[in-house]
Amino acid sequence: MAEHSIRHRLKRALLLAGGGIAAAIMLAALGELFLRYFPPSDNQEYLGTASLETGPFIPSAKFGIAYRSWQAFADSNCDYLAEYLPLDQSDGRPTWAMFGSSFVQMQGMLADTTRARLPGVRVFNLRRNETLIVRLAQIETLLEHGLRPQRIVVALMPLDVWALAKQPLSTVTVSPGGALAYKPRLPPPPCDLFVQNSALARTAWFRTGRHIGDPDFRLSQIEQGLPPRLRTEMAHVFGELERLSKQFDVPVTILLIPGLPQITRGMSFAFQDDAGALLREIGLDVCDPRERFLACSEPQSLFLPDKHFSPRGNQILLDALLEHWNRAGTPVSQVGGGTQ
Amino acid sequence: MNFTEPRFAWFLLAVFTLWLICRRFERAQVGLVLVASLVFYGVGNWRLLPLILVYAVVNWAVGCRLRATTRPRLVLGLGVAFNLGVLAYFKYTPMLLTTLHDAFVALGWPPTPLAQEGWAIPFGISFYAFTGIAYMVDVYRRTTDAERHLGRYALSVTFFPHLVAGPILRPSEYLTQLRPGHVPTQSLAPLEACLLLARGFFKKMVLADRIALAIDPFFVHVKDSSTAGVWALPFVYLYAWQIYFDFSGYTDIARGLGLLFGFRWPDNFNLPYLAGSIAEFWHRWHITLSRFLRDYLYIPLGGSRGGWWRTNVNLMLTMLLGGLWHGASWSFMLWGAIHGLLLVLHRCWQLLPVSKRLAGATGPAGWLWRGLCVGLTFHLVAFVWCFFRLTTLAQSWACLSGCFQFDPGLWRVGVVDKMGLWLLLGGYGLVVALAFRLSRLHFEPTQLPRPAVATLSRGFLWGFGVTMFVLAILLSPGGQAPPFIYFQF
């Protein structure tokens, strides 16, 4: 009787498990088939040669990527490039080319503030917030195709180098269609076989977030100073920028923009200290406007609710930049037009 | 908090684990779930909490007062006025100020001020205001007893699975189960809960969100000539499916969560796009809202007791207010008005002798007639959804009129080439039909051929539920998931 009961239970358990496994296999097979042909958009930049994404890039040793051609660059920046063409001609005013995040590009920020305040200067900016390596590739292409600004300003914040920290240059690649892509980090063997051969396993791995170059890197690490690996990466890309600067005889200024917590909450300036020292060592001109901001009364009024600079904050940033150049021996009065 | 946010998974895990520990201690259980629900509602915007707490306290106090007062009608009126007044203030102030402003400008008078920028409607306010009204009216009608315990009443209002987008529950469907001695101490139907949760997450995260990605650009540029034409029709159909998957997905998740905590709630949807008439559609779509509007608005207005014309007026009024309940925009009101008009037209059609003959047709003729009715109803509903999706009348009209312009040059503009989406929708239909067949075998024991098949089908359904849940995560489009559409109401 007991034996019969055990056999009955075993049979029941087997049937239950069999039904469950059959359903799981059936649905998983359908899911696998679907994901093989229609991978989700957030997988695309890690799919390597299978990626369907298209873009204007080719691989490059300098910044990880470079623009495939002038036409590819022009097509991907068609919104605002036209007003600066042809690149080698100007309206008689000196050109300042500005590259950076939304703190430079967004409406009313540094580029627009400069444009309004210094009508004697022609401000070149593409009004797009690109990742650091794309900005550097833009500078390379523009210089190679005739842009000769009086100065290039590259704004830098911890957030700008965070992308480089999370995705080191060794992981940067380009999809067959020319889009910026990354080599995924794989799980340890034997799980890597699943990820390489199954679309379901690959998507599951990607959705854990462990597939990016350095998944454990946190922004707070940059705010405490430059970690050694990031220092090496920055030395490489900014070294290439310095070579470009020399090759085309265009001075480059790196503007280290302070963030809201540093100005209003007394957070450390370790990033600016480390990055400034490194970039000066490379030979680039570095402007660190922290003193100007720290000397301001009512520091909250320097920022908008979205943590970008207010008009007052942008004025101070521009003042600091002009003062830096004055001190460095290239006073802004030389550019004509003066200030308003 | 949103059910599809990763942090909700951690929240649910923590709350359910604590619930399992303290479920035998009624007061502790009520306290735990109440606090958890307030955290669920307040996380991200703690300023909303006083509002829902004031609602709970006022409705509870009105309920208690209704038992003791000699003027219950006055107390009920004050309670309902409070609920509707606060709802109207938050929801309709911007619309009224904008309308007033536009009217003054049109008349050449100095413009009146507009609503403050960033005016936010507390999410779920329509749902908990209606739940409160249902409670007070039921206490007034003596179909339910007033709840003496503020904590238990507050939990019935704020319980997180149904807080933000329903289902809109009657007191007898939830509050009575929170009375002393009735609070559930174990989960109900774990397999059914698993299937509901898996289906709900799949509907929302995979189907609704993928459709949203495919059609949102069309609705943003609906007035562009490059996206108009008869090839816009698939977008209109897909929006009808998006809102269905989005809202019914939410309801499935809410009902699944209810079962986990021991409560069984009514379904909100019963294959609404298989309805053969508009009247039938409203018996299948957002059933708990239709029921609320019928019991607390249509019937108090006189229902069908006042003759043919009066019934039509009541129908129109009910649908107009139902439309306005959805959102503070004239297009929502128009959406409700069109549905009201269609219901009146359907009543007119039913007066004709031919309608009775066709309704009674059997065999192939009956199937053909039913198919025609279903197709016509779906198209009407899908077209009227344009007023729901687009915020201005000009956009809605451009979308609708565009559907009737034929331009062969635009045939590749639509979503007809989004093969992945169509395959996903077709595959989902087939797989769910299979699971439905199996679950009928499982949940209706009289249909079972043998115990072995029952066990096998039970295993199959567990495997189906768990794998579908995993696939909901893996097949979702990725990136920032849009919130549930009904969260805005």
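All values derive from a computational prediction rather than experimental measurement.

All right, on to the overall build of chain B then. When helices and strands are tallied, chain B shows 18 helices and 0 strands. Principal-axis analysis of the C-alpha atoms gives chain B an extent of 75 × 70 × 50 Å. For chain B, buried positions account for 42% of its 489 residues. Once local pairs closer than 6 in sequence are excluded, the contacts in chain B between residues at least 24 apart make up 72%.

Secondary structure assignment for chain A yields 15 helices and 9 strands. Against the compact-globule benchmark of 20 Å for 340 residues, chain A has a radius of gyration of 26 Å, which places it well outside the compact range. Projected onto its principal axes, the C-alpha positions of chain A cover 105 × 45 × 35 Å. In chain A, which comprises 340 residues, the proportion classed as buried is 35%.

This brings us to the confidence of the model for chain B. Interpreting fine coordinate detail is not advised for predicted regions of low pLDDT. All names here are of chain B. Across chain B, the average pLDDT comes to 85, with 93% of residues at or above 70. Ranking the helices and strands of chain B by mean pLDDT puts helix 10 (residues 278-284) first, with 93, and helix 17 (residues 419-443) last, with 80. In the predicted complex, the global pTM is 0.82; the interface-specific ipTM is 0.78.

Our next topic: the pairing of strand 3 (residues 95-99) of chain A. All names here are of chain A. Buried residues dominate strand 3, accounting for 5 of its 5 residues. Burial of the side chains of strand 3 extends over both faces: Thr95, Ala97 and Phe99 are buried on one face and Trp96 and Met98 on the other. As paired elements, strand 3 and strand 4 (residues 122-124) share 3 bridges and run parallel to each other. Within strand 4, the residue paired with Trp96 across the bridge is Val123. When strand 3 meets strand 5 (residues 151-156), the two strands line up parallel, connected through 4 bridges. Counted as the bridge partner of Phe99 is Val154 from strand 5.

Chain A puts 25 residues into the contact, and the matching count from chain B is 23 residues. Secondary structure elements with two or more residues in the side of chain A that touches chain B: helix 1 (2-37) and helix 9 (199-208) of chain A.

Another point: the nonpolar core. Of all hydrophobic cores here, the largest spans 134 residues; its most connected members are B:Met136, B:Phe202 and B:Ala472. Counting residues per element, this core draws most heavily on helix 8 (residues 190-220) of chain B, which supplies 17 residues. If you count residues domain by domain, this core takes at least three from each of domain 1 (6-186) and domain 2 (191-288 + 373-410) of chain B. Among the nonpolar cores identified, the runner-up in size contains 68 residues, and A:Ala97, A:Met109, A:Val154 and A:Leu256 belong to it.

This brings us to the packing of helix 3 (residues 49-68) of chain B against helix 6 (residues 150-158) of chain B. The description of two helices packed together rests on the angle between their axes and the distance between the axes. Residue and element names in this part refer to chain B. At a minimum axis distance of 9 Å, the contact between helix 3 and helix 6 shows a crossing angle of 125°. What the angle tells us is that helix 3 and helix 6 run oblique. Seen from above, helix 3 lies across helix 6 with right-handed handedness. Each of Ile52, Tyr55, Ala56, Val57 and Trp60 in helix 3 lies in contact with helix 6, whose residues at this interface are Leu150, Tyr153, Ala154, Val157 and Thr158. When its residues are assigned to classes, the contact of helix 3 with helix 6 shows 9 nonpolar, 1 polar and no charged.

A few words now on the pairing of strand 8 (residues 252-256) of chain A. Residues and elements named next belong to chain A. A large share of strand 8 lies buried, amounting to 5 of its 5 residues. Going residue by residue along strand 8, you find Val252, Ile254 and Leu256 tucked away on one face and Thr253 and Leu255 tucked away on the opposite face as well. Bridge count between strand 5 and strand 8: 5 bridges; the pairing is parallel. Bridged to Val154 within strand 8 is Ile254. Of the pairings in the sheet, the one linking strand 8 to strand 9 (residues 285-287) comprises 3 bridges and is parallel in character. Bridge pairing in strand 9 links Leu255 to Cys287.

Residues and elements named next belong to chain A. With respect to the helices and strands, Gln105 occurs in helix 4 (residues 102-105). A tally of 22 C-beta atoms within 10 Å means that Gln105 is categorised as buried. Gln105 sits 21 residues away from Leu126 along the chain, and the two C-alpha atoms are 7.3 Å apart.

In the segment running from A:Pro189 into A:Pro190, the intervening peptide bond is cis, with an omega of 0°. Looking at where A:Pro190 falls in the secondary structure, it is placed in the loop between strand 7 (180-182) and helix 8 (191-197). The phi dihedral of A:Glu298 is positive, around 50°, even though this residue is not glycine. Positionally, A:Glu298 belongs in the loop between helix 14 (290-294) and helix 15 (311-328). A positive phi angle, near 45°, is found at B:Leu271, a position not held by glycine. When you line up the elements, B:Leu271 lands in the loop between helix 9 (233-260) and helix 10.

Residue pairs spaced three or four apart in an α-helix point in one direction, given the helix's 3.6 residues per turn. For helix 9 of chain B, with 28 residues, the first-to-last C-alpha span of 40 Å sits near the 40 Å given by 1.5 Å per residue. In terms of burial, helix 9 of chain B is largely enclosed, as 24 of its 28 residues are buried.

Residue and element names in this part refer to chain B. Relative to each other, helix 3 and helix 5 (residues 125-140) sit at 5°, their axes nearing to 9 Å. Between helix 3 and helix 5, the crossing angle belongs to the class labelled roughly parallel. Every residue of helix 5 that contacts helix 3 at Ile52, Tyr55, Asn59, Val62, Gly63 and Leu66 is listed here: Tyr128, Ala129, Gly132, Tyr135, Met136, Val139 and Tyr140. Among the residues making up the contact of helix 3 with helix 5, the classes are represented as 10 nonpolar, 3 polar and no charged.

Residue and element names in this part refer to chain B. Its place among the elements puts Ile52 in helix 3. You can call Ile52 buried: it has 21 C-beta atoms within 10 Å. Excluding residues that lie within four positions of it along the chain, Ile52 makes contacts with Tyr41, Tyr128 and Thr158.

Turning to the domain arrangement of chain B, a few remarks are in order. Residues and elements named next belong to chain B. Structurally, chain B comprises domain 1 (6-186) and domain 2 (191-288 + 373-410). In this structure, domain 1 and domain 2 have C-alpha centres spaced 27 Å apart. The interface is formed by 15 residues belonging to domain 1 together with 13 residues belonging to domain 2. Looking at the side of domain 1 that touches domain 2, the elements with two or more residues in it are helix 1 (6-22) and helix 7 (160-163). Partitioned by chemical class, the residues of the side of domain 1 that touches domain 2 number 9 nonpolar, 5 polar and 1 charged.

Residue and element names in this part refer to chain B. Burial runs high along helix 6: 7 of the 9 residues are buried. Taken together, the buried positions of helix 6 are occupied by Arg152, Tyr153, Ala154, Leu155, Ser156, Val157 and Thr158. Tucked inside the fold, the buried residues of helix 6 contact helix 2 (26-42), helix 3, helix 5 and helix 7.

This part takes up the sheet that holds strand 3 of chain A. Residue and element names in this part refer to chain A. Read across the open sheet, the 5 strands follow the order 4-3-5-8-9; overall the sheet is parallel. Single-partner strands in this sheet number two, and they are strand 4 and strand 9. In this sheet, neighbouring strand axes are inclined to one another by 25° on average, regardless of whether the strands run parallel or antiparallel.

Calculation criteria
- Residues numbered from 1 in each chain as written.
- Chains lettered and ligands numbered in written order.
- Predicted model: local features only at pLDDT ≥ 70, side-chain atom pairs only at ≥ 80, totals over all residues.
- Helix = DSSP H or I, 4+ residues; strand = E, 2+ residues; numbered from the N terminus.
- Buried ≥ 20, exposed ≤ 12 C-beta atoms within 10 Å, placed from the backbone.
- Contact = placed C-beta atoms within 7 Å.
- Rg over C-alpha atoms; globule rule 2.2 N^0.38 Å.
- pLDDT = per-residue confidence, 0-100.
- Pairing = 2+ DSSP bridges.
- Core = buried A, V, L, I, M, F, W, Y, C linked by C-beta atoms within 7 Å.
- Domains from an automatic or database assignment.
- Axes fitted to C-alpha atoms, helices over the stretch in contact; angles between N-to-C directions.
- Parallel < 35°, antiparallel > 145°, perpendicular 65-115°, else oblique.
- Left-handed = near helix turned anticlockwise from the far one by under 90°.
- Nonpolar A, V, L, I, M, F, W, Y, C, P; charged D, E, K, R; others polar.
- Expected span 1.5 Å × (residues − 1).

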